[in-house]
Amino acid sequence: MKDVVAHLLDGNIRLLSIYRDQYFGEHSNIQSYQELVDFLNRLNADWIKAMKRVSPEMLILLHEATGKLYGDYYASLDPFAKSTFPVDWAGEKESKNWMHIAREYTEKWLHQQQIRDAVNKPGLMTRELYYPCIDTFMMALPHTFRDQTSENGTTITMTIPGEIGGSWSLSRIDATWQLSKGPHENPAAAITIDPDIAWKLFSKSIRPEQVRGKVKISGNQELGEIALSMVSVMA
């Protein structure tokens, strides 16, 4: 788990350097989504290797030093101004700051939850903390269905049951997929996923074939399977 903590620190430092200080450091001629994923994976691996020589106590100190700077910087931004980089996993070519900040929230939530799972320290599976993460994850649904040309009016509903979850509906309207909150009364496919499975599935921590017996798909199975393939992280 020390590597995960180091990765979170990298996020603080790298994002402050790029967004606040406009210092981009290493550049790469990226031509595709996969090239971007590979580039980010290499940056992450380089950082984790260097952090092997840093003690847990120093990691905590560095988090304390950078965490408030990171939060204060994002609090200072105009949420509706253009972000420096788009949220690629949502299929966006240009993103607003609010979407970038939401993406950053999912990153922080995801890795802290992984740490808490590993040390049996619950605390993040609440309406206040879990729902913003899963709500942001759902913004990848239209991009997930980008190659699916269903009839206009076709709707897929995804439900995360319980107080901490909700329902989201993806509808085919004028040859595009549009996302809305809330259930649809007559969806072509309805998917119900346990909250603890959902965050792991959409962060690619587990894959659809591992959870098929634990996920309920009613109606069109093909559309349900596409929904389960959604990945809401850069992976």
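For the structure itself, consult the block above.
Here is what the cut-offs are and how they apply
- Residues numbered from 1 in each chain as written.
- Predicted model: local features only at pLDDT ≥ 70, side-chain atom pairs only at ≥ 80, totals over all residues.
- Heavy atoms only, no water.
- Core = buried A, V, L, I, M, F, W, Y, C linked by side-chain atoms within 4.5 Å.
- Buried < 20%, exposed > 50% of the residue type's maximum accessible area, 1.4 Å probe, protein only.
- Helix = DSSP H or I, 4+ residues; strand = E, 2+ residues; numbered from the N terminus.
- Contact = heavy atoms within 4.5 Å.
- Polar contact = N/O pair within 3.5 Å; in protein donor to acceptor, adjacent residues only side chain to side chain.
- Salt bridge = Lys/Arg side-chain N within 4 Å of Asp/Glu carboxyl O.

Q: Which residues make up the nonpolar core, and what values go with them?
A: Core analysis: the biggest nonpolar cluster contains 42 residues, and Ile134, Met138, Phe145, Ile191, Ile193 and Phe202 have the highest contact counts within it. Among the secondary structure elements, those contributing two or more residues to this core are helix H4 (97-119), helix H5 (127-137), strand E1 (155-160), strand E2 (166-173), strand E4 (189-192), helix H7 (195-202) and helix H8 (221-228). Residues within four places of Ile134 in sequence aside, it is in contact with Ile160, Trp168, Ala198, Trp199 and Phe202. Ranked by size, the runner-up nonpolar core spans 8 residues in total, among them Leu15, Ile18, Tyr70 and Tyr74.

Q: Describe the environment of Arg172, with residues and values.
A: Residue position: Arg172 is located in strand E2. Using a relative accessible area of 9% as the deciding quantity, one classes Arg172 as buried. Excluding residues within four positions of it along the chain, Arg172 makes contact with Gln148, Thr149, Ser150, Glu151, Asn152, Gly153, Thr154 and Trp177. A distance of 3.3 Å separates a polar side-chain atom of Arg172 from the backbone oxygen of Ala175.

Q: Could you give me a rundown of the side chain of Ser167, with the residues and numbers involved?
A: With respect to the element layout, Ser167 can be found in strand E2. Not counting residues within four places of it along the chain, the set of residues in contact with Ser167 comprises Thr157, Met158, Thr159, Lys181, Gly182 and Pro183.

Q: Give a detailed account of H7, specifying residues and quantitative values.
A: Where burial is concerned, most of H7 is hidden: 6 out of the 8 residues are buried. Buried residues of H7: Pro195, Ile197, Ala198, Trp199, Leu201 and Phe202, and no others. Contact partners of the buried residues in H7: H4, H5, E1 and H8. The backbone nitrogen of Asp196 has a side-chain oxygen 2.9 Å away, supplied by the residue at the start of H7, namely Asp194. Looking at the residues trailing H7, positive phi occurs at Lys204, about 65°.

Q: Go over the pattern of salt bridges, please, and point to the residues and values.
A: Side chains that carry opposite charge are capable of pairing whenever their charged atoms lie near each other. One pass over the full model with this rule turns up 11 salt bridges. Across the pair Asp3 and Lys52 runs a salt bridge whose closest N-O atoms are separated by 3.0 Å. With Asp3 in helix H1 (residues 2-20) and Lys52 in the loop between helix H2 (33-51) and helix H3 (56-76), this residue pair connects regions lying 49 residues apart in the sequence. A salt bridge links Lys181 to Asp135, with the nearest nitrogen and oxygen atoms 3.1 Å apart. Of the two residues, Lys181 sits in strand E3 (residues 176-181) while Asp135 sits in helix H5, which places them 46 residues apart along the sequence. Take Lys181: its relative accessible area is 57%, and that puts it in the exposed class. Through salt bridges with shared partners, one network takes in Asp117, Asp196 and Lys200.

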